[in-house]
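Close look at the chain arrangement
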Amino acid sequence: MSIRRRKISVVGAGFTGATTAFLLAQKELGDVVIVDIPQLENPTKGKALDMLEASPVQGFDANIIGTSDYAETANSDVVVITAGIARKPGMSRDDLVSTNSKIMKSVTQEIVKYSPNCTIVVLTNPVDAMTYSVYKESGFPKHRVIGQSGVLDTARFRTFIAQELNLSVKDITGFVLGGHGDEMVPLVRYSYAGGIPLENLIPKARLDEIVERTRKGGGEIVNLLGNGSAYYAPAASLVEMVEAILKDQRRVLPTIAYLEGEYGYTGIYLGVPTIIGGNGIEQIIELELTESEKEALDRSVVAVKNVMNVLA
Ligand SMILES: NC(=O)C1=CN([C@@H]2O[C@H](COP(=O)(O)OP(=O)(O)OC[C@H]3O[C@@H](n4cnc5c(N)ncnc54)[C@H](O)[C@@H]3O)[C@@H](O)[C@H]2O)C=CC1
Ligand SMILES: O=C([O-])CC(=O)C(=O)O
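Residues numbered from 1 in each chain as written. Chains lettered and ligands numbered in written order. Predicted model: local features only at pLDDT ≥ 70, side-chain atom pairs only at ≥ 80, totals over all residues. Heavy atoms only, no water.

Residues annotated by UniProt as "domain: Lactate/malate dehydrogenase N-terminal" (unreviewed entry) correspond here to residues 7-147. Here residues 7-147 is 41% helix and 18% strand, with 19 Å between the C-alpha atoms at its ends. (UniProt positions renumbered as here; feature names shortened; annotations may be inferred. Helix = DSSP H or I, 4+ residues; strand = E, 2+ residues; numbered from the N terminus.)

Right, let's talk about the UniProt feature "binding site: NAD(+)" (unreviewed entry) in the protein for a bit. Mapped onto this numbering, the UniProt entry annotates "binding site: NAD(+)" (unreviewed entry) at G12, A13, G14, F15, T16, G17, D36, N100, L123, T124 and N125. Along the chain, A13 turns up in the loop between β1 (7-11) and α1 (15-26). For A13, a relative accessible area of 4% gives the class buried. In contact with A13, not counting residues within four places along its chain, are A18, I34, V35, D36, T44 and K47. Setting aside anything within four residues of it in sequence, one finds L123 in contact with T16, I81, T82, Q148, P234 and L238. (Buried < 20%, exposed > 50% of the residue type's maximum accessible area, 1.4 Å probe, protein only. Contact = heavy atoms within 4.5 Å.)

The next thing to look at is the site of ligand 2. Every residue close to ligand 2 is listed here: R87, R93, N125, L152, R156, H180, G218, V222, S229 and A230. Here an oxygen atom of ligand 2 sits 2.7 Å away from a polar atom, N or O, in the side chain of H180. Look at ligand 2: alone it shows 260 Å² of surface, and the protein chains cover 94% of it. Contributions of two or more residues to the shell around ligand 2 are made by α6 (150-165) and α8 (217-225). Looking at the shell around ligand 2 residue by residue, the class counts come to 3 nonpolar, 4 polar and 3 charged. (Near = heavy atom within 4 Å. Polar contact = N/O pair within 3.5 Å; in protein donor to acceptor, adjacent residues only side chain to side chain. Areas by Shrake-Rupley, 256 points an atom, 1.4 Å probe, with all protein chains shown as cover. Nonpolar A, V, L, I, M, F, W, Y, C, P; charged D, E, K, R; others polar.)

Another aspect to go through is the confidence of the model for the protein. Confidence along the protein averages 96 in pLDDT terms, with 99% of residues attaining 70 or more. Mean pLDDT values over the elements of the protein span from 91, in strand β9 (residues 185-186), up to 99, in strand β4 (residues 78-81). Confidence estimates for the predicted assembly give a pTM of 0.98 and an ipTM of 0.99. (pLDDT = per-residue confidence, 0-100.)

What follows deals with the environment of I268. One can find I268 in strand β13 (residues 266-277). On the basis of relative accessibility, which here comes to 0%, the residue I268 falls in the buried class. Each C-alpha atom of the pair I268 and V151 lies 19 Å from the other, and the pair is 117 residues apart in sequence. Residues in contact with I268, not counting those within four places in the same chain, are A257, Y258, L259, V301, V304, K305 and M308.

Following this line, the structure appears as C-alpha cells:
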C-alpha cells in the first residue's frame, strides 16, 4: 500500500502566501503547491525552488512547487487563499473589497474544479466578507470554508499581555470575537495568564489600552511597513489552522465561521470560538456574553454586514 503525503495549495505567492508555504513545508505538514497569476509564473517557481533548496539545510521533507496552473493543485487536502491586494497606510481593509471579491470568485472556481473535497482557509481581506464570498462561490458545506482572523488577533493580544506582565507568551491565553476590523471584540473576561484571570493582574485602564492596541494591530504594522501589511504572524496563524485540520487536532481556536443562529446572527461569516479538526469547523462554541460584550459584537456585525452589502 502506498501512503500519499498530504497536499496543501497556497493561492497567492506574495508576502503572506510565500511565508505560509515555507512554514507549512518546514513543519512537514505536506507537499506544498504555490499558485499565482501567469504573469508571475517564473518568480513563483523561483520562490518555490528557493524554499525547496532550504530543505536539506533545515532537514525537512516536503516538495514545494510554484505554478500558475491550477491543474497542479489537483486533489489538495487544504487550500489557503492569500491572493489579492493588501492595504497601504491610510486605507482600511474594507477598501479592498471590490478588487478582492473579483479575485475570490475566479480563484474559487479553479480550486473547486481541481480539489472538490478540500477544505479552504481564507486570509484575503476584508476577510469576513471574502470568506462569505468563497463559501457562496464554492458551493462547499460551511464547515469546509473557514476564515482566518482570530488566531492572529489573539496572538497580538497575547503578545502585548506577555510583554506587559513580563511572562512567557506560552502562559497567556485569550481570544478575540467578531469581524477582523477595528470593531473586533477582544474578550478580556475569558483571558488568562497561567490560569489567573487578566483582570486580577492588570489594572482596567491599562487593559483597555491593550485591547485598543490589539484592535488596531494590523494598522500598526501597515504604518510601520509603509508598503504592505503584516505577514509573519498571519502566516503562522494560517499554519496553526492548517495543522489542526490535517492532524485532526480538534483545537479550540477562534476562526471565521458561518453562523446560522449562533450568537443571534444568521447568514454571516464572523470570528467566533470554534473546534477545528479533520472536518474543518467541527463546532461553534457559544459563550454567554455580558450586555456590553454583546453590544460590542453587534457593532462588529454591522461593520461586517456593511462590507457584505457591497458584494451583492
Ligand atoms: N485575514 C488576515 O488576518 C490577514 C489578511 N491579509 C490579507 O491577505 C492578502 C494578501 O496579503 P499579502 O500576501 O501581503 O499581499 P501581496 O501583494 O504580497 O500578495 C498577494 C499575491 O496575490 C497574487 N494574486 C492576485 N490575484 C491573483 C489571482 N487571481 N490568482 C492568484 N494569485 C493572485 C498577487 O500576484 C500577489 O503575489 C491581502 O488581502 C491582505 O489584506 C494579510 C494579513 C492578515
Ligand atoms: O492589517 C491588514 O491590512 C492586514 C491584516 O488583516 C492584519 O495584519 O491584521
